[in-house]
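A closer look at the structure
One letter stands for each residue in the lines below.
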Amino acid sequence: AELEAVDVAAVAQGAIAQVRERYPDQETEFSLDVATDAERVGCSAEHLQFILEELFGNALKFADKHISRVILAVSAADEGRLRFTVTDNGPGIPHEYYDRVFDGFVQIEEHVTGQIPGWGVGLRMVRDVVNAYGGDIDVVSQLGEGTSFTFTLPAAT
């Protein structure tokens, strides 16, 4: 199937608006840093919005700072792909959970405070969507300082 060229910044703004509505009490500063050669992605707008809403939503859901900072950086990667990185300044994820956050039904928070309800299937679905486009997703985190999720999707051709 021919995929449309989707405007990354426009979809990101839509995801930000949705997530702000979902977490109205969390003060959040969003920044978009989309490189000029990475403005259009070859995946459906719905899929990109789903991924970004999940990652932005997690950043706000687990936020532990007075002001959450969430940065989306998008750049051209090799082999006709775009690299997306969503970075927050939240509580971080213990290293031993990196692989498990994508497994579904694992919520790190339950192991930390037990406060936040949910099944934890969002990241597994995010990984499935990214994989469907031939991409991969990784996480790196500093406890107490924040988390970065990096994933790749095809650039628009």
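Scroll up for the structure.
Attention here is on the structure that accompanies the text. (Residues numbered from 1 in each chain as written. Predicted model: local features only at pLDDT ≥ 70, side-chain atom pairs only at ≥ 80, totals over all residues. Heavy atoms only, no water.)

1. Regarding the overall build of the protein
So the rule is basically this: Helix numbering and strand numbering both begin at the N terminus, where a helix is a DSSP run of H or I of at least 4 residues and a strand a DSSP run of E of at least 2. Whether two residues are in contact is decided by their heavy atoms, any of which lying within 4.5 Å being enough. Each accessible area is a Shrake-Rupley estimate made with a 1.4 Å probe; only the visible protein chains count as cover when residues are assessed.
Scanning the protein from N- to C-terminus turns up four helices and seven strands. Reading the protein from its N end, one meets helices and strands in the order β-α-β-β-α-β-β-α-α-β-β. Of all intrachain contacts in the protein linking residues separated by at least 6 positions in sequence, the fraction that spans at least 24 positions is 68%. Of the roughly 8200 Å² that the protein leaves accessible, carbon and sulfur atoms contribute 49%.

2. A word on the environment of Glu29
To keep things clear, this is the line we draw: We call two N or O atoms a polar contact when they sit within 3.5 Å, provided that within protein one can donate a hydrogen and the other can accept it, with sequence-adjacent residues counted only if both atoms are side-chain atoms.
Relative to the assigned elements, Glu29 resides in strand S2 (residues 27-34). Here the alpha-carbon distance between Glu29 and Asp88, two residues 59 residues apart in the chain, equals 9.9 Å. Among the polar contacts made by the side chain of Glu29, one reaches the side chain of Arg69 at a distance of 3.0 Å.

3. Regarding the packing of helix H2 (residues 45-61) against helix H4 (residues 122-132)
Inclusion rule: Helix axes are fitted only over the stretch in contact, all axes being lines through C-alpha atoms; the angle between N-to-C directions runs from 0 to 180 degrees. Crossings are sorted by hand: turned counterclockwise from the far helix by less than a right angle, the near helix makes the crossing left-handed, and turned clockwise it makes it right-handed. All amino acids are sorted into three groups, where Ala, Val, Leu, Ile, Met, Phe, Trp, Tyr, Cys and Pro are nonpolar, Asp, Glu, Lys and Arg are charged, and the leftover types, Gly among them, are polar.
The N-to-C vectors of H2 and H4 enclose an angle of 145 degrees; their axes lie 10 Å apart at closest approach. Taken as a pair, H2 and H4 cross one another with a handedness that is left-handed. Judged by residue contacts, His47, Phe50, Ile51, Glu54, Leu55 and Asn58 of H2 engage Gly122, Leu123, Met125, Val126, Val129 and Val130 from H4. Split into classes, the residues belonging to the contact of H2 with H4 amount to eight nonpolar, three polar and one charged.

4. A look at the packing of aromatic side chains
The condition is simple: Side-chain rings of Phe, Tyr and Trp (the six-membered ring for Trp) are treated as a pair once their centres are within 6.5 Å; stacked means planes under 30 degrees apart, edge-to-face means over 60, and tilted covers the remaining angles. A 1.4 Å probe rolled over the protein chains alone gives each residue an accessible area, and that area as a share of the maximum for its type sets the label: buried under 20%, exposed over 50%, partly exposed in between.
Under the defined criterion, the tally for this structure stands at three aromatic pairs. When the centroid spacing of 4.8 Å and the interplanar angle of 5 degrees are considered together, the rings of Phe84 and Phe151 count as stacked. Taken as a pair, Phe84 in strand S5 (residues 81-88) and Phe151 in strand S7 (residues 146-154) lie far apart in primary sequence, 67 residues in all. Considered together, Phe84 and Phe151 belong to a single accessibility category, that of buried residues. Considering the side-chain rings of Phe102 and Phe149, the 6.0 Å spacing of their centres and the 80 degrees angle between planes classify their relative orientation as edge-to-face. On the criterion of sequence distance, the pair formed by Phe102 in the loop between S5 and helix H3 (108-112) and Phe149 in strand S7 is long-range, its members being 47 residues apart. The exposure class of Phe102 is buried, given its relative accessible area of 6%.

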